[in-house]
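# A look at the structure
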Amino acid sequence: MAATGFHMLSGVIGERHKLLSVGVVLPPGRRFSVSAFSSKQKQQKSFREYLEAAREFIRPEDNSPSRWFSPLLLESKARRDRAPLLLFLPGIDGNGLGLIRQHQKLGQMFDIWCLHIPPTNRTSFSDLVRMVETTVESESQRSPGKPIYLVGESLGACIALAVASFNPHIDLLLILSNPATSFGYSSLQHLPPLLKLFPDQLAFAFPSLLSLIPGGPLKRMLAHWVRGLPENETAANIYQDLVTASTFTSFLADTFGRETLLWKLKLLDSAALFANAHLHLVQAHTLILSSGNDHILPSRYEGKRLRKKLPKCEVRSFKDNGHFLFLEDGIDLVSIIKATSFYRRGRHQDYISDFIPPTLSEFNKCYGVNRLLEMIMGPVFLSTTVDGKVVRGLGGIPSEGPVLLVGNHMLLASDKISLPGQFVHERNINLRPLVHPMMFTRRRDGLLPDVSFYDTLRMLGSVPISATHLHNLLSAKSHILLFPGGIREALHRKGEEYKLMWPEKPEFVRAAAKFGAKIIPFCGVGEDDFLKVVVDYNDQIKVPLVREVLKRVTAEGPEVRGSIEGEEGNQDFHMPGVIPKCPGRYYYYFGKEIETGEEELRDREKAKQVYAEVRKEVERCIEFVKQRREEDPYRPLLPRLHYHLQHGLLTQVPTFPF
């Protein structure tokens, strides 16, 4: 069969349709499983293991056609039926192992198939596209309600774009790493004439090939030192990398002769020309991953170019990484997919059922960037138990949802820095903040920060605010964070510190009552100890040019509260002019729990009474903290730093008596 010459491949029979390879028809349900990559192996593979596996895959005598293989042993049928299909389309190497360091984590979310193109295979680009297209069409018919992910690397990215251009009716999601659509701008296009002058075997290319090792030896050595490994262990790891690379490079020189390389470059050229000519037909949602240190293709600029060409496209840049992005240390495709909200199991995005909570390592990576800022803020958390007692920490927060936490927004929404992390650290609760939709999408590009600026918030569970999403979160018994004042409170004017800018309608109360949710009013206090607004929105709109710029900026984001009149409906984007103050301290106080039920749902007047009660409790919490913080000897930064020096950085700093 087609597996001849693949010693690491063994046939696995599953309940699958016929898969078509170029020049061969596989039996019903037949694909290939790499038995060496058992799903029991949870540790991420090293680059050296990739080289060893690739050496087993690539054999000079292998003249078999291109075909699919599954890199993991199959899980239960029920799990496969729930997970969307991910097709990996390799780069110019063609071995299909480019995701080997990602397989284990991806296997928890996807049914993974990888395309293998033997080095001596001369399948044309159009035939490769037809092969992938056939698989996409048949899988779409088999599971019409699920999307299909095409993850393409360089050449594979061109194949993915071509398939998407031919099949706008199929639900495809594209993840493209350093697309070879930039081949026409690279120095590789000038290589074929030079290759014809060289000997058939390219053993001289060892230094060049060695430089293509992900990150390079120096970067890998620095990474080992940063991790705190001993010098002898660091040297041993680097030595192993170099020995493996040396062995593999000589193998490449024997395998990829001049004719093979010429064919690969010709294939890249035709792929780039075809994909670029059909970009206007691509309707699929696309995520482009661009490396800033790619020495093979000009990927740094290609992502920006494609973003302008493709209607539904986002770009994430990795300025210090090279061409083989998925093989580099520190690159986690699952984390990228989570942070960009690019994962869905059905036809439409469901921010509740499709949400996968961050792992501990993902959480620490997201939260780590704020740790220094949080130490400066020195946040104090207080909560109220059922019997009315105020306690330090979040012990008064119910463990079981649905719980709706309703509070005031502090300046620049700085409350989002500490709250989600504290709930995970102290209570192991994934807080679901309802945030402005501009953190997820744009009407057009312009002056607003790129949506990638909010990846950390999305990774931690933020959801675009809407009545539907609030309903679904309550139905899922989540712990929900709601700021009724929205941007108007977060970007308040001079003298409006801690002033509530809530709409009049008590809609969140009626939504909570439908599910019997507990409402916990809370406050955040401390912004006035850090920043002072000196130029606000009212000052800025007095300047005609600035006023026009603010209108244009606001039009870039989705509209929120367009039907609400007055200041509460004013959700214009702007950046207040602020000056820093000597840092004080942040305080979060969660007040008395308020029960809801059928009465609030049926009786609008009763719902208004509960709404007024929530608002009054938030205002009471604000006044309580503002008064009591005057008694906090550790409110200024210096006493807190002194306390940490005496008792350790992880020690909780005391606060006012309560």
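Quick note: structure is the one above.
The following paragraphs examine the structure supplied in this document. Sequence positions are assigned chain by chain, starting from 1 and proceeding in written order. Given that the model is predicted, a residue must reach a pLDDT of at least 70 before its local features are reported, and side-chain atom pairs must reach 80 or more before they are shown or counted; all residues, however, enter totals for whole chains, interfaces and linings. By convention in this description, side-chain values take in all heavy atoms of the structure and omit both hydrogens and water.

### With respect to the overall build of the protein chain
Under the DSSP-based scheme used, a helix requires at least four consecutive residues in state H or I and a strand at least two consecutive residues in state E, with every element numbered from the N terminus. For the protein chain, the count of helices and strands is 24 helices and 21 strands. Residues classed as buried in the protein chain amount to 56% of the 658 residues present. Put simply, of all contacts in the protein chain between residues at least 6 apart along the chain, 81% involve residues at least 24 apart. Accessibility here uses a 1.4 Å probe with only protein chains present; expressed as a share of the type maximum, an area under 20% marks a residue as buried, one over 50% as exposed, and anything in between as partly exposed. Should any heavy atoms of two residues lie within 4.5 Å, those residues are considered in contact.

### A closer look at helix H24 (residues 637-647)
If you check which residues of H24 are buried, you get Leu-637, Arg-640, Tyr-643 and His-644. The arc enclosing the buried residues of H24, seen along the axis, measures out at 125°, which places them on a common side. Projecting away from the buried face of H24 at angles above 90 degrees are the exposed residues Leu-638, Leu-645 and Gln-646. Looking one or two residues past H24, Gly-648 carries a phi angle of roughly 105°, positive in sign. Picture the helix axis, draw a direction to every C-beta atom, and the arc is the one those directions span.

### Details of the pattern of salt bridges
Each reported salt bridge corresponds to a side-chain nitrogen of Lys or Arg within 4 Å of a carboxyl oxygen of Asp or Glu. This model, assessed by the stated rule, comprises 27 salt bridges. One salt bridge in this structure joins Glu-362 and Lys-105, with 3.2 Å as the shortest N-O distance. Taken as a pair, Glu-362 in helix H13 (residues 360-368) and Lys-105 in helix H3 (residues 103-106) lie far apart in primary sequence, 257 residues in all. For Glu-362, a relative accessible area of 4% gives the class buried. The shortest N-O distance in the salt bridge between Arg-635 and Glu-630 comes to 3.1 Å. A relative accessible area of 15% places Arg-635 in the buried class. For Glu-630, a relative accessible area of 55% corresponds to the exposed category. Members of the salt-bridge network, linked through shared partners, are Asp-528, Asp-529, Arg-629, Glu-630 and Arg-635.

### Focus: the side chain of Ser-70
On the secondary structure map, Ser-70 appears in strand S5 (residues 67-70). Overall, the relative accessible area of 4% leaves Ser-70 in the buried class. A distance of 3.0 Å separates a polar side-chain atom of Ser-70 from the backbone oxygen of Leu-72. For the purposes of these results, a polar contact is taken to be a pair of N or O atoms within 3.5 Å, where, inside protein, one atom must be able to donate a hydrogen and its partner to accept one; residues adjacent in sequence count only when each atom of the pair is a side-chain atom.

### So, the layout of surface pockets
A 1.4 Å probe that fits but cannot get out identifies a cavity on a 1 Å grid over protein atoms alone, an open set with protein on both sides within 12 Å along at least five of seven lines counts as a pocket, and a residue lines either if it has an atom within 4 Å of a point. Grid points are joined across faces, edges and corners, and a volume is the space filled by probe spheres set on the points. Estimates place the volume of the second largest pocket at around 1400 Å³. Looking at the second largest pocket, it is lined by 45 residues, and the ones nearest its centre are Gly-330, Asp-332, Ser-335, Ile-336 and Lys-365. Elements with a contribution of two residues or more to the lining of the second largest pocket: H3, helix H11 (299-309), strand S11 (313-318), helix H12 (333-339), H13 and helix H16 (455-459). Tallying contributions element by element places H12 first for the lining of the second largest pocket, with five residues. What counts as a domain boundary in this text is fixed by an automatic or database domain assignment. Each of domain 1 (50-340) and domain 2 (356-526 + 580-647) contributes no fewer than three residues to the lining of the second largest pocket.

### Here's the deal with the environment of Lys-146
With respect to the helices, strands and loops of the structure, Lys-146 is situated in the loop between helix H4 (125-142) and strand S8 (148-153). The exposure class assigned to Lys-146 is buried, which follows from its relative accessible area of 15%. When the C-alpha positions of Lys-146 and Leu-172 are compared, they lie 9.2 Å apart, and in sequence the two are 26 residues distant. At 3.0 Å, the side chain of Lys-146 forms a polar contact with the backbone oxygen of Ala-83.

### Regarding the pairing of strand S17 (residues 479-482)
Residues His-479 and Leu-481 point to one face of S17 and Ile-480 and Leu-482 to the other, with burial holding for every one of them. Paired strands are those between which DSSP finds at least two bridges. In terms of strand pairing, strand S14 (residues 403-407) meets S17 through four bridges, oriented parallel. Considered in S17, the bridge of Leu-404 is made with Ile-480. The sheet contact formed by strand S15 (residues 431-435) and S17 spans three bridges and is parallel. For Leu-431, the partnering residue across the bridge sits in S17 and is His-479.

### So, a nonpolar patch on the surface
Patches here: salt-bridge-free residues with over 30% relative accessible area, like charges joined within 9 Å, nonpolar side chains (Val, Leu, Ile, Met, Phe, Trp, Tyr) joined within 5 Å. Method for areas: the Shrake-Rupley scheme with a 1.4 Å probe, in which residue coverage is limited to the protein chains shown. A contiguous nonpolar surface patch, about 200 Å² in accessible area, is contributed by Val-534, Val-535 and Ile-579. In this fold, Val-534 is placed in strand S19 (residues 531-535).

### Some points on the pairing of strand S18 (residues 518-525)
Within S18, seven of the eight residues are buried, leaving the element largely enclosed by the surrounding structure. Judged from the five bridges that link them, S14 and S18 form a sheet pairing that is parallel. For Leu-404, the partnering residue across the bridge sits in S18 and is Ile-519. Across four bridges, S18 lies against strand S21 (residues 587-590) in antiparallel orientation. Within the sheet, the bridge partner assigned to Gly-524 lies in S21 and is Tyr-588.

### Considerations on the sheet that holds strand S13 (residues 390-392)
Across the sheet, which stays open at both edges, the eight strands sit in the order S13-S12-S21-S18-S14-S17-S15-S16 with mixed pairing between neighbours. Each having just a single partner strand, S13 and strand S16 (463-464) make up the two edges of the open sheet. Of the strand pairs in this sheet, strand S12 (residues 380-384) and S21 are connected by three bridges, and their pairing is parallel. Paired with Phe-381 across the bridge in S21 is Tyr-588. Docked against the sheet, helix H17 (residues 467-475) engages S14, S15, S16 and S17, running at close to 170° with respect to S15. Angles shown run from 0 to 180 degrees and are taken between the N-to-C directions of axes, each axis being a line fitted to C-alpha atoms and, for helices, limited to the stretch in contact.

### Quick word on the packing of aromatic side chains
In this description, an aromatic ring pair is defined by two values, namely the gap between the centres and the angle between the planes. Aromatic rings from Phe, Tyr and Trp, with only the six-membered ring used for Trp, were paired whenever their centres fell within 6.5 Å, and each pair was classed as stacked if the ring planes differed by under 30 degrees, edge-to-face if by over 60, and tilted otherwise. Applying the stated criterion across every chain yields a total of 22 aromatic pairs. An angle of 15° between the planes, with centres 5.2 Å apart, marks the rings of Phe-381 and Tyr-588 as stacked. You can see Phe-381 sitting in strand S12 and its partner Tyr-588 sitting in strand S21, a full 207 residues away along the chain. For Phe-381, a relative accessible area of 4% corresponds to the buried category. Ring centres of Phe-624 and Phe-656 lie 6.4 Å apart, and the angle between their planes is 75°; on these two criteria the pair is classed as edge-to-face. Placement of the pair is Phe-624 in helix H23 (residues 604-628) and Phe-656 in the segment after H24, with a sequence separation of 32 residues. For the pair formed by Phe-624 and Phe-656, the shared burial category is buried. In this arrangement the basic side chain of Arg-432 is found over the ring face of Phe-355, its NZ or CZ atom lying 4.0 Å from the centre. In this scheme, Lys NZ or Arg CZ marks a charge over a ring once it lies within 6 Å of the ring centre and within 35 degrees of the ring normal. When the ring centre of Phe-440 is taken as origin, the NZ or CZ atom of Arg-458, which lies over that ring, is 5.4 Å away.

### Thoughts on the environment of Phe-381
On a C-alpha basis, the gap between Phe-381 and Val-391 in space is 8.6 Å, while along the polypeptide they are 10 residues apart. Residues contacting Phe-381, with those up to four places away along its chain left out, are Val-391, Arg-392, Gly-393, Leu-394, Ser-418, Leu-419, Gln-422, Tyr-588 and Phe-590.

### Looking at the side chain of His-116
Along the polypeptide, His-116 turns up in strand S7 (residues 111-116). The buried category is assigned to His-116, whose relative accessible area is 1%. A distance of 3.1 Å separates the side chain of His-116 from the backbone oxygen of Asn-95, its partner in a polar contact.

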